[in-house]
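Below, each chain spelled out in residue letters.
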Amino acid sequence: MHIGFLGLGNMGAPMARNLLKAGHRLSVFDLSEAAVAALVEAGATAAASPAALARTDVELIVSMLPAAAQVKGVYLGADGLIAQVRPGVMLIDSSTIDPLSAREVTAAARAHDNPMLDAPVSGGTGGAAAGTLTFMVGGTAEDFERARPVLAAMGRNIVHCGPAGNGQVAKVANNLLLGISMIGVAEAMSLGVALGMDPQVLAGILNTSSGRCWSSDTYNPFPGVLENAPASRGYSGGFGTDLMLKDLGLASEAARQARQPVFLGALAQQLYQAFSAQGNGALDFSAIINLYRKDAQA
Ligand code: NAD
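As recorded in an unreviewed UniProt entry, the protein goes by the name 3-hydroxyisobutyrate dehydrogenase, listed as coming from Azotobacter chroococcum NCIMB 8003. According to its UniProt record, the protein has this under Catalytic activity (unreviewed entry): "3-hydroxy-2-methylpropanoate + NAD(+) = 2-methyl-3-oxopropanoate + NADH + H(+)". Recorded under Sequence similarities (unreviewed entry), the UniProt text for the protein is reproduced unchanged: "Belongs to the HIBADH-related family."

Packing of helix H6 (residues 99-111) against helix H9 (residues 166-194) leaves a shortest axis separation of 8 Å and a crossing angle of 160°. The pairing of H6 with H9 is recorded here as roughly antiparallel in orientation. Note that H6 runs across H9; the crossing there is right-handed. Here Pro99, Ala102 and Arg103 of H6 come into contact with H9, specifically with Asn166, Gln168 and Val169.

With that settled, the discussion passes to the site of the ligand. Neighbouring residues of the ligand: 23 residues in total, closest Asn10, Met11, Asp30, Pro66 and Lys246. In the model, an oxygen atom of the ligand is placed 3.5 Å from a nitrogen or oxygen of the glycine 9 main chain. Here an oxygen atom of the ligand and a side-chain polar atom of aspartate 30 are 2.6 Å apart. For the ligand, the accessible surface in isolation is 830 Å², of which the surrounding protein chains cover 85%. Taken together, the elements giving at least two residues each to the shell around the ligand come down to helix H4 (68-75), helix H7 (124-130) and helix H12 (241-258).

Calculation criteria
Residues numbered from 1 in each chain as written. Predicted model: local features only at pLDDT ≥ 70, side-chain atom pairs only at ≥ 80, totals over all residues. Heavy atoms only, no water. UniProt positions renumbered as here; feature names shortened; annotations may be inferred. Axes fitted to C-alpha atoms, helices over the stretch in contact; angles between N-to-C directions. Helix = DSSP H or I, 4+ residues; strand = E, 2+ residues; numbered from the N terminus. Parallel < 35°, antiparallel > 145°, perpendicular 65-115°, else oblique. Left-handed = near helix turned anticlockwise from the far one by under 90°. Contact = heavy atoms within 4.5 Å. Near = heavy atom within 4 Å. Polar contact = N/O pair within 3.5 Å; in protein donor to acceptor, adjacent residues only side chain to side chain. Areas by Shrake-Rupley, 256 points an atom, 1.4 Å probe, with all protein chains shown as cover.

The structure is reproduced here in structure tokens:
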């Protein structure tokens, strides 16, 4: 299948590579020339703009952009994907954005006879590279079944969450929990080490005890505990602190609309906010542990 892919960052690039590996033909666009060049080297074709990509004979388009502003910028408007693409071409947005924006863009796509799914992911950059992401999908059952084989080239758990926007609802709930759990693991690891525990031994205990979670066993924030975690490479790559801050903002706004309290989410949002304001927004979000570590560099 000829697939268009927009947004070749920490997540989009490895996802696009897995589509190539599965035998699909790929046309790509990103604002970063370096990101496009790396995919072209892997076998993709570069498009000069979203409109140019939409005007090729693509059969399906996937986007993996930072936030709702970029998603609306790329999909809507006279030069946007929806205005330029042929009716019938399926659109899949895998960015994490608020459910209302997802529903707005989907409505615009449907008005142009383009089926659209919101399909945010979980699993981190490791899951993106391994093709083991979880896709949380909102849209019609028919469109979900049509898209499933393409999503299966990038992920292992492909779940239909309900109508348009519900993929984003699931994602917001997951990342609310992730933001909180990472701070919990950071706090526990820092306390244990300050009291004299070896970090590896402590992580091993947590991971076979009731405190175990993804933030402790797959993405531990303490440097050196997990060779492949961002903590062991200076918190580079991974999932940026500012992206986590964005997601906790989505959760608190969604909670306001639903009149639902998110006590710990609000506190977590303030901690990432403070950490970002100290100049750490581009670091992986697990670097939040530096708020706790007396020996960590500011
Ligand atoms: P990133 O910042 O690494 O990549 C975003 C890419 O989009 C960049 O290459 C950027 O140049 C490109 N871009 C920005 N505006 C654009 C535009 N108008 N047109 C084309 N390209 C544009 O971000 P990421 O970590 O890959 O995350 C992407 C999305 O996935 C975010 O919504 C994030 O919340 C979500 N997410 C990230 C992770 C993770 O672990 N990094 C995990 C799950 C979900």
